[in-house]
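Residues per chain, in single letters:
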Amino acid sequence: MVRLAYTETLKRGERTSQLSWEEIHLLLSTTDLEEKQNLWDAADRVRKEWIGPEVHLRAVVEFSNYCQRNCLYCGLRKANQTLHRYRMSHREILETSIRAKEFGFQTIVLQSGEDPFYTGERIEELILAIKRETQMAIALSVGERSAKDYSAWRTAGGDRYLLKFETSSRSLFHQLRPGCKLEERIFCLQKLRQLGFEVASGNIVGLPGQTLSDLVNDILLFQKYDFDMIGIGPFISHPQTPLGSSPNGSLDLTLCVLAITRLLTRNTHLPATTAIRILSPDGCEAALAAGANILMLDFTPSIYRQHYEIYPGKGTHSIALNELPAFLASIGRKIGQGVGSRKELLKNIRDGMDQKFKNP
Ligand code: 5AD
Ligand code: SF4
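Note that the coordinates shown come from a computational prediction; the quantities given were computed from them, not determined experimentally.

Conventions we followed
Along each chain, residues carry numbers from 1 onward, in the same order as the chain's sequence is written. As they are written, the chains are lettered A onward and the ligands numbered 1 onward, keeping that order. Under the rules for a predicted model, residues below a pLDDT of 70 receive no local features and side-chain atom pairs below 80 are neither given nor counted, while totals for whole chains, interfaces and linings still include all residues. Note that water and hydrogens are dropped before the side-chain values are worked out from all heavy atoms of the structure. The axes are straight lines fitted to the C-alpha atoms, using for helices just the contacting stretch, and the angles between their N-to-C directions are given from 0 to 180°. Secondary structure elements follow DSSP: runs of H or I of four or more residues count as helices, runs of E of two or more count as strands, with numbering from the N terminus. Here the word oblique covers every angle except those under 35 degrees (roughly parallel), over 145 (roughly antiparallel) and from 65 to 115 (roughly perpendicular). Left-handed describes a crossing in which the near helix is turned anticlockwise from the far one by less than a right angle; the clockwise case is right-handed. Contacts were defined at the residue level, with two residues in contact if any of their heavy atoms lie within 4.5 Å. Under the grouping applied here, Gly and all other residues not named as nonpolar or charged are polar, the nonpolar ones being Ala, Val, Leu, Ile, Met, Phe, Trp, Tyr, Cys and Pro and the charged ones Asp, Glu, Lys and Arg. The criterion for a residue being near a molecule or strand is simple. One of its heavy atoms has to lie within 4 Å of it. Under this definition, polar contacts are N or O atom pairs within 3.5 Å; protein pairs additionally need one hydrogen-donor-capable and one acceptor-capable atom, and for neighbouring residues in sequence, both atoms have to be side-chain atoms. The method behind every accessible area is Shrake-Rupley, applied with a 1.4 Å probe, and residues are considered shielded solely by the protein chains displayed. Only protein atoms enter the 1 Å grid, on which a cavity is a set of points fitting a 1.4 Å probe that cannot get out and a pocket is an open set with protein on both sides within 12 Å along at least 5 of 7 lines, lining residues being those with an atom within 4 Å of a point. Any molecule with more than half of its atoms within 2 Å of a cavity's or pocket's grid points is counted as sitting in it. Between buried and exposed lies partly exposed: a residue is buried under 20% and exposed over 50% of the maximum accessible area for its type, with that area taken using a 1.4 Å probe on protein chains only. Neither His nor the chain termini are counted; the positive set is Lys and Arg, and the negative set is Asp and Glu. Any Lys or Arg side-chain nitrogen located within 4 Å of an Asp or Glu carboxyl oxygen qualifies as a salt bridge. Here, nonpolar core means buried Ala, Val, Leu, Ile, Met, Phe, Trp, Tyr and Cys residues that are tied together by side-chain atoms lying within 4.5 Å of each other.

1. Points about the packing of helix α3 (residues 33-50) against helix α10 (residues 251-265)
Move 1: Their axes nearest at 9 Å, the elements α3 and α10 cross at an angle of 40 degrees. Considering the angle they form, α3 stands oblique to α10. As for how α3 packs across α10, the hand of that crossing is left-handed. On α10, the residues that touch Leu 33, Lys 36, Leu 39, Trp 40, Ala 42, Ala 43, Val 46 and Arg 47 of α3 are Asp 252, Leu 255, Cys 256, Ala 259, Ile 260, Arg 262 and Leu 263.
Move 2: When the residues that make up the contact of α3 with α10 are grouped by side-chain class, the tally is eleven nonpolar, no polar and four charged.

What follows is the structure in structure tokens.
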């Protein structure tokens, strides 16, 4: 049964985008399907008003699955000796990027584990070459690196940077990411922003030991830092990790975190993450109906794709590109034009407001 307090809080969130910790906790902790559906619908209305029907596509190239870290939840962790490791060469990465451009993508995401083989200079050369050959927007997702590397990559033409803080709980972060500090990750995010990158972050929902209160804090951190993109994905258990016997995160809870984030951030980019899509065959559609407006498509060459196994099924669930326009049309959406940057989105919102002002 839908509670009055729930409806009132949801209305206020939709109208003002300002909710207290307790109010977010109330929205998030519901177990009532009708209340959840009302939350997802409210987020869908906010997405429609602030962003419109466009779904922007990003081509992701996972160019190395080597990682020097040992995060307890991740299949790429160094201690996983069952994983076949690969690295793509400069030339392979460049050729893949050119192919992505030919397919019509306007953003390329270069993603890898934390792999020191790709030195600051190697990645800088890659950025210069991809920019020169394709003029695409370049997003990097290669983990925590020095301020010197970040600065060189920005100067070379890097546009965006993805670095999820994963969980805002300091104790959980330290337990799950041995040798890493939450403060350093936040410092990296601030540094990237100062350098002029559009900055994406995000979390994992349903990590073993995570509480609803931790998720409320994650959402408030999203709002505080006003990230340009926020990736929210469920935990998916990987048998070759120390968390292999823990249950997967819940789809509903992930959609609730996504929807509240849409209410509070209004116009940030929110992807229907790969992990959501893997958790459930309806995950993609459900996320797009609960506030999401971005699709990250795996463009890693097929010989490597299966080995980028952060979690099981990762390389086998890619969306068929040729079916995408019809799928999006069937849910009243369409492929976004332009590079789909947050700056561009904010400009469109401002122009729309000016227009309304001139022709009320
Ligand atoms: N389940 C869900 N997401 C995961 N990631 C890593 N392992 C898992 C998992 N088991 C995500 C993290 C990280 C990215 C590389 O993949 O959020 O940022
Ligand atoms: Fe490496 Fe990232 Fe996986 Fe941690 S989450 S093991 S840093 S790829």
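Let's pick the thread back up.
2. As for the site of ligand 1
Move 1: Around ligand 1, a shell composed of Tyr 73, Cys 74, Lys 164, Glu 166, Ile 204, Pro 234, Phe 235, Ile 236, Ile 310 and Tyr 311 is seen.
Move 2: Here an oxygen atom of ligand 1 and a side-chain polar atom of Glu 166 are 2.6 Å apart.
Move 3: Here ligand 1 loses 83% of its free accessible area of 400 Å² to cover by the protein chains.
Move 4: Of all the cavities here, the one that holds ligand 1 is the largest cavity.
Move 5: Looking at side-chain class alone, the shell around ligand 1 contains eight nonpolar, no polar and two charged residues.

3. Side note on the side chain of Arg 277
Move 1: Checked against the element boundaries, Arg 277 lands in helix α11 (residues 274-279).
Move 2: For the buried Arg 277, no salt bridge is present, and the opposite-charge side chain at shortest range is Asp 298, 7.5 Å distant.
Move 3: A polar atom in the side chain of Arg 277 sits 3.2 Å from the backbone oxygen of Ala 272.

4. Some points on the nonpolar core
Move 1: Counting residues in each nonpolar core, the largest one holds 96 residues, and the members touching the most others are Leu 39, Tyr 73, Ile 108, Leu 110, Leu 140, Trp 153 and Tyr 161.
Move 2: Of all the elements, α10 adds the most residues to this core, at nine residues.
Move 3: With residues up to four places along the chain from it excluded, the contact list for Tyr 161 reads Leu 140, Val 142, Gly 143, Arg 145, Tyr 150, Trp 153, Leu 192, Phe 197, Glu 198, Val 199 and Ala 200.

5. Details of unusual backbone geometry
Move 1: The phi angle at Gln 135 is positive, at roughly 55 degrees, despite the residue not being glycine.
Move 2: Structurally, Gln 135 can be placed in the loop between α5 (120-134) and β3 (137-141).
Move 3: By relative accessible area, Gln 135 is classed as exposed at 55%.
Move 4: Unusually for a residue other than glycine, Arg 266 sits at a positive phi of about 65 degrees.
Move 5: Here Arg 266 is to be found in the loop between α10 and α11.

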